[in-house]
Amino acid sequence: MIIFPAVDIQNGKAVRLKQGRAQDSTVFAEDPVEAARTWQARGARWLHVVDLDGAFDGAAQSRAIVQRICRELSIPVQLGGGIRDEATARAYLEAGVTRLIIGTLALEQPELFARLCRAFPGRIGVSLDAEAGRLKSRGWVADTGLTVDDVLPRLQDDGAAFIIYTDIERDGMQSGVNLPALSHLAHAARVPVIAAGGVATLEDVQKLYPLSRDSRLAGAVSGRALYAGTLDLEEANAWIDAREATAT
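Residues numbered from 1 in each chain as written. Predicted model: local features only at pLDDT ≥ 70, side-chain atom pairs only at ≥ 80, totals over all residues. Heavy atoms only, no water.

Undergrad: Would you mind going over helix H11 (residues 233-247) with me for this structure?
TA: At 3.6 residues per turn, the α-helix brings residues three or four places apart onto the same side. An ideal rise of 1.5 Å per residue puts 21 Å on 15 residues; H11 measures up with 21 Å between its terminal C-alpha atoms. Every buried residue of H11 is listed here: Leu233, Ala236, Asn237 and Ile240. Each buried residue of H11 sits inside an arc of 95° when the element is viewed along its axis, so together they form one side. Exposed and oriented more than 90 degrees from the buried face of H11 are Ala245 and Thr246. Lining the buried residues of H11 we find strand S1 (2-10), helix H1 (32-41), helix H9 (202-214) and helix H10 (224-228). (Helix = DSSP H or I, 4+ residues; strand = E, 2+ residues; numbered from the N terminus. Expected span 1.5 Å × (residues − 1). Buried < 20%, exposed > 50% of the residue type's maximum accessible area, 1.4 Å probe, protein only. Arc of directions from axis to C-beta. Contact = heavy atoms within 4.5 Å.)

Written out as structure tokens, the structure reads:
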């Protein structure tokens, strides 16, 4: 099970939103690259980066920053936000991103999503962002009218390499994980699932961990909690490592 520190980029800074609201952001670092270096130094095994401006505007906005992050880090980077065509996807992968997270395009343009998966096998994942069980798109402002169960079979058949599930109501709120929803998805999925939204304390990590043993749960994204210190990355990694050591 991997803890993915999040670096969310808005207006060139590392921020965290509450429930995905663009106007409700807190700046945690003036330089996202420095934030990324800090998480690597503290033991991150992966980095989760989101171009928030791209997510809301529909066009990649932070490519230069992302390229600098990839150049200066030795750990792999996964990226989401504003990736809505093949040219953007290719540019980010060529810039050093290990894998991409597709949201709006996966839900609204299935044929293009499938084409991306074929073009970059094993490197395209999908972000499923739910509020009250209904999936959102376009930076979480558009209601698709769909549920996870509606889209999961098609996304996997199209070639999605992994899934990130975000509970929007819990995102940035440090209110704990939506364990029933995550358990349902992680047991139904054929590909790795990463939890996001509400991963606030070591106790949340401990609640999620059993799913990594008996389902497809592969990790958890955390942002505000890591920056605020309610979740300590080194402590969480040490706890997971200890469990992994006794399980082998």
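Undergrad: Would you mind showing me how to read the packing of H9 against H11 here?
TA: The axes of two packed helices give the description: the angle between them and the distance between them. Two elements in contact, H9 and H11, have axes separated by 11 Å at closest approach and are oriented at 30°. As summarised for this structure, H9 and H11 are arranged roughly parallel, according to the angle between their axes. Judged by the sense of rotation from one axis to the other, the crossing of H9 with H11 is right-handed. Taking contact as the criterion, the partners of Leu202, Val205, Gln206, Tyr209 and Arg213 in H9 are, on H11, Glu235, Ala236, Trp239, Ile240, Arg243, Glu244 and Ala247. For the contact of H9 with H11, a count of residues per class yields 7 nonpolar, 1 polar and 4 charged. (Axes fitted to C-alpha atoms, helices over the stretch in contact; angles between N-to-C directions. Parallel < 35°, antiparallel > 145°, perpendicular 65-115°, else oblique. Left-handed = near helix turned anticlockwise from the far one by under 90°. Nonpolar A, V, L, I, M, F, W, Y, C, P; charged D, E, K, R; others polar.)

Undergrad: Any chance you could explain the packing of aromatic side chains here in plain terms?
TA: Two descriptors summarise a pair of aromatic rings, namely the distance from one centre to the other and the angle between the planes of the rings. Counted by the stated rule, this structure contains 3 aromatic pairs. Centroid distance Trp39 to Tyr227: 5.2 Å. Interplanar angle 85°. Geometry classified as edge-to-face. Note that Trp39 is positioned in helix H1 and Tyr227 in helix H10, a separation of 188 residues in sequence. Since its relative accessible area comes to 3%, Trp39 is described here as buried. The ring of Tyr92 carries Arg63 above its face, with NZ or CZ at 5.5 Å from the centroid. Seen from the ring of Phe162, Arg99 lies directly overhead, with NZ or CZ sitting 4.0 Å from the centre. (Phe/Tyr/Trp six-rings, centres within 6.5 Å; stacked < 30°, edge-to-face > 60°. Lys NZ or Arg CZ within 6 Å of the ring centre and 35° of its normal.)

Undergrad: Sorry if this is basic, but what is going on with the packing of helix H6 (residues 110-119) against helix H7 (residues 148-158) here?
TA: For the pair H6 and H7, interaxial distance at closest approach is 9 Å and the crossing angle is 40°. By the angle between their directions, the pair H6 and H7 is classed as oblique. In this structure, H6 uses Pro110, Phe113, Ala114 and Cys117 to contact H7, whose residues at the interface are Arg154, Leu155 and Asp158.

Undergrad: Is there a simple way to explain the pattern of salt bridges in this structure?
TA: Opposite charge on two side chains permits pairing when their charged atoms draw close. If you walk through the whole model with that rule in mind, you get 13 salt bridges. With a shortest N-O distance of 3.3 Å, Glu234 and Arg42 are connected by a salt bridge. Taken as a pair, Glu234 in helix H11 and Arg42 in the loop between H1 and strand S4 (47-51) lie far apart in primary sequence, 192 residues in all. Relative accessible area serves as the criterion here: at 29%, Arg42 is assigned to the partly exposed category. (Salt bridge = Lys/Arg side-chain N within 4 Å of Asp/Glu carboxyl O.)

Undergrad: In this structure, what is going on with the nonpolar core? I would like to understand it.
TA: One recurring pattern in soluble globular proteins: nonpolar side chains tend to sit buried together. Ranked by internal contacts, the top residues of the largest apolar core, which has 71 residues, are Leu47, Ile69, Leu100, Phe113, Leu128 and Leu208. Here this core gets 5 residues from one element, more than from any other, and that element is H9. For Leu100, the residues in contact, after removing those within four places along its chain, are Leu79, Ile83, Ala89, Tyr92, Leu93, Arg123, Ile124, Gly125 and Phe162. Core analysis: the second largest hydrophobic core is formed by 9 residues, Trp46, Ile101, Phe162 and Ile164 among them. (Core = buried A, V, L, I, M, F, W, Y, C linked by side-chain atoms within 4.5 Å.)

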